[in-house]
Amino acid sequence: MRAFEFLDNVSNINTNTMVLDKGLGYNTVEDSLKLTGNYFNLLKFGWGTSILYEKELIKDKNELYQSYDIKTYTGGTLFELANKNNKIEEFFEELDNLGFNAVEISDGSTNIDETTRYSCIEMAKDAGFYTLSEVGKKNPQKDHEYSIEDRINLINRDMEHNADMVIVEGRESGKNIGIYDEKGNVKEDELQAIAENVKQQKLMWEAPNKSQQIDLILTFGNDVNLGNVNFNEIISLETLRRGLRGDTLGKFD
Amino acid sequence: MRAFEFLDNVSNINTNTMVLDKGLGYNTVEDSLKLTGNYFNLLKFGWGTSILYEKELIKDKNELYQSYDIKTYTGGTLFELANKNNKIEEFFEELDNLGFNAVEISDGSTNIDETTRYSCIEMAKDAGFYTLSEVGKKNPQKDHEYSIEDRINLINRDMEHNADMVIVEGRESGKNIGIYDEKGNVKEDELQAIAENVKQQKLMWEAPNKSQQIDLILTFGNDVNLGNVNFNEIISLETLRRGLRGDTLGKFD
Amino acid sequence: MRAFEFLDNVSNINTNTMVLDKGLGYNTVEDSLKLTGNYFNLLKFGWGTSILYEKELIKDKNELYQSYDIKTYTGGTLFELANKNNKIEEFFEELDNLGFNAVEISDGSTNIDETTRYSCIEMAKDAGFYTLSEVGKKNPQKDHEYSIEDRINLINRDMEHNADMVIVEGRESGKNIGIYDEKGNVKEDELQAIAENVKQQKLMWEAPNKSQQIDLILTFGNDVNLGNVNFNEIISLETLRRGLRGDTLGKFD
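Not measured: the values here are computed from a predicted model.

(A) Structural view of the pattern of salt bridges. Taken as a whole and judged by the stated rule, the model has 66 salt bridges over all chains. Put simply, K59(A) and E56(A) hold a salt bridge, and the shortest N to O gap is 3.9 Å. Here K59(A) pairs with E56(A), and both are found in helix α2 (residues 55-66), just 3 residues apart, close to one helical turn. Put simply, R157(B) and E114(B) hold a salt bridge, and the shortest N to O gap is 2.7 Å. Taken together, the residues span a long stretch of sequence, with R157(B) in helix α7 (residues 148-160) and E114(B) in helix α5 (residues 114-126) at a distance of 43 residues. What makes R157(B) partly exposed here is its relative accessible area of 29%. Look at the salt bridges and you will find they share partners, linking K22(A), R171(A), E172(A), K210(C), E233(C), R245(C) and D247(C) into a network.

Dropping the structure here:
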């Protein structure tokens, strides 16, 4: 039974929260999940970090996270590396062997033609993976070449090709990328344009910083899908969603 | 017996250090306290995070911290939520059931009239809780409406009403709030004005950032009461207090 | 056997990575090393933090790190404190008793004449310690008094006096110090001047921030020696070195 339950005015929130694991130890995760395990449902082993694990350790961590109904996947960088090396089939096989149950299709660091992109989404879906795709370039200069219309079109086409969730790139820093300016502030006009032209239920905003999380929660409601959440900020984000922190207190009554 | 004891010129410091717990696992805390447990005496479960715990876990963590003579309490936000919902009595009862031995009375996110504020401080004291009060608004615009005189008066009146410790709001960020400007630098004139008109022993400065800790230590001495210290920076702060880091080395000989 | 090994194009990197421990618990370190233990080889108990440990705990941590072939030492601040108090011999004896196998000779916070500096390096070498020296002042104003030529001369003279590794000061913040400007950006001209006049194999750059790590890796190659790496960023740095993150992907093929 939860503590102070008589003070919690907000019922359970139907949302998606994706958390970033940059290389945590097994025991640290196990210890944390006893508190945090019910407050997020997607876990990303950031970019190519999974390569640095012994197979047994990553299998164990996948099992641990999934015991809390948290889906696990590797950052899109690893998919891109596999594609670049013509090893997509080996990649999906290894994901399966290691116990991942989700996958991210992206082109943040490399160029991937549309045919390949959509066939990879299809392949992932057919193989039974929960399939996320990501829109945006990791290099800010390249990312800025996208117009708002480009971004909206790319998102909607991924959705048409049955991606379970489309992520708007925000990186770990949340600065000078996607909808964020150099200081990490949300560009409100771009946010609105995307919001008006895209189905929100399948859209996830990478929002590593607290001010971004607050902005997106106050704009779209406390059930907005948020990603790249720092592992140490899971509880903080949930309190923002529930109006249990000064910044959002009284906003969802 | 301590390592390198022959190099420690500073005897034990009689001070108050309040550390912020944003949702740590039990084992992580237990492991850390073997090193850090003697270097702080107050622990705040930040803002409303306590609501997200199972009762058993928060009881266990309270017991663990208190076994090191560290007083535990929930952030003031939870008190304000209880007050807003007319559930102050249930709130104090729950604090007791869960094993907290301190409480914070604040009005950072809501408006609370003076009569209620002081009667809550009294109620907390009568119930045997170590009672902290906080002065300052979490919303920077509202916080800026306070003149220095206002702040000094509010602090002194809380002390007259027997608060054990009065905290100057600094939030987790330490920016654009209280005595800190937008970059987190200390506003020296406001600091001096408060310093000259308030009893230092019962005053605690929330000082989450290292530069703020250094500034306050060099201004008031190494026994200045500091709060909102990051859990990972407990040892760092203690080295600053003892002149064991470049920034303060040789200042307390 | 490593996961996704068929995607790792970069063979093992012959380099030095120094990680900062600001006061971690034993179990936390033990848990982390199962993943990170092969990706760094030098561990610094920051500045004077070692004084705050019970002897047993620091002995245990030294043993734990060294079981992964990671050399351990205390920050130079402790050496400087010992020198200031005329307790250099007791200091080396205590290092030995506590199981450290490396030592840092520095003058970041105090003034030490050349004779003493070089005799201490010699004493450390003779006693069998892996010996690091550091060039730079912790106070930015004092640090700025060094010309590039000064810095180059100091580095080269430490090398002539047989320091195993010479560190360029970057502090924990990486800002307004050494080769970094106030925003933490690398001053490219100073970097180049040092690079052209100093033996790279024995030179280590303190580079706490990701952007600095990227800059130095792209300038000197993925085997550049880097220090003051945050304990939580060990895996992140290794992915940068191996081209497994967007910022360096495809740069070392």
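There is more to say after this.
(B) Main features of the interface of chain A and chain B. With 27 residues of chain A at the contact, the number on the chain B side is 37 residues. Buried surface at the junction of chain A and chain B, summed over both partners, amounts to about 2,800 Å²; 61% is from carbon and sulfur atoms. Here chain A is connected to chain B by 3 salt bridges. Its salt-bridge partner being E233(A), residue K22(B) comes within 2.4 Å of it at the nearest N-O pair. In this structure, the connection of chain A to chain B is made through 15 residue pairs in polar contact (both at pLDDT 80 or more). No other element matches helix α10 (residues 234-241) of chain A, which puts 4 residues into the side of chain A that touches chain B. A class-by-class count of the residues in the side of chain A that touches chain B yields 10 nonpolar, 6 polar and 11 charged.

(C) Molecular detail of the relation of the copies chain B and chain C. Overlaying chain B with chain C gives an RMSD of 0.0 Å, the required rotation being 120° about an axis along which the chain moves by 0.0 Å. This pairing of chains is accounted for by a three-fold axis. By C-alpha distance to the rotation axis, the residue of chain B lying nearest is T28(B), at 4.1 Å.

(D) Representation of the interface of chain B and chain C. Listed by partner, the interface residues are 27 residues for chain B and 37 residues for chain C. The contact between chain B and chain C buries some 2,800 Å² in all, and 61% of this surface belongs to carbon and sulfur atoms. Counting across the chain B and chain C interface gives 3 salt bridges. Taking the shortest distance from any N to any O, the salt bridge between E172(C) and R245(B) comes out at 2.8 Å.

(E) Geometry of the environment of D215(A). Residues and elements named next belong to chain A. Of note, D215 is situated in helix α9 (residues 210-220). Residue class for D215 comes out partly exposed when judged on its relative accessible area of 26%. When neighbours within four sequence positions are excluded, D215 is seen to be in contact with V186 and E188.

(F) Broad picture of the packing of aromatic side chains. Residues and elements named next belong to chain C. Scanning the model with the defined rule gives 27 aromatic pairs over all chains in all. Between F45 and F100 the ring centres are 5.6 Å apart and the planes differ by 85°, which places this aromatic pair in the edge-to-face class. Here the residue F45 occupies a position in strand β2 (residues 42-45), and F100 occupies one in the loop between α4 (88-98) and β4 (102-105), the gap between them amounting to 55 residues. Per residue, the accessibility class of F45 equals that of F100, and both read buried.

(G) Up close: the sheet that holds strand β7 (residues 203-206) of chain A. Residue and element names in this part refer to chain A. With parallel pairing, the 8 strands of this open sheet are ordered in space as β3-β2-β1-β8-β7-β6-β5-β4. The strands lining the two open edges of the sheet, one partner per strand, are β3 (71-74) and β4 (102-105). Here the strands of the sheet are splayed against their neighbours by 25° on average, with no regard to which way each runs. Sitting on the sheet, helix α5 (residues 114-126) is in contact with β4 and β5 (130-135), with an inclination near 160° to β5.

Rules used in this analysis
- Residues numbered from 1 in each chain as written.
- Chains lettered and ligands numbered in written order.
- Predicted model: local features only at pLDDT ≥ 70, side-chain atom pairs only at ≥ 80, totals over all residues.
- Heavy atoms only, no water.
- Salt bridge = Lys/Arg side-chain N within 4 Å of Asp/Glu carboxyl O.
- Helix = DSSP H or I, 4+ residues; strand = E, 2+ residues; numbered from the N terminus.
- Buried < 20%, exposed > 50% of the residue type's maximum accessible area, 1.4 Å probe, protein only.
- Contact = heavy atoms within 4.5 Å.
- Buried area = accessible area lost by both parts, 1.4 Å probe.
- Polar contact = N/O pair within 3.5 Å; in protein donor to acceptor, adjacent residues only side chain to side chain.
- Nonpolar A, V, L, I, M, F, W, Y, C, P; charged D, E, K, R; others polar.
- Least-squares fit on C-alpha atoms with pLDDT ≥ 70 in both.
- Phe/Tyr/Trp six-rings, centres within 6.5 Å; stacked < 30°, edge-to-face > 60°.
- Pairing = 2+ DSSP bridges.
- Axes fitted to C-alpha atoms, helices over the stretch in contact; angles between N-to-C directions.

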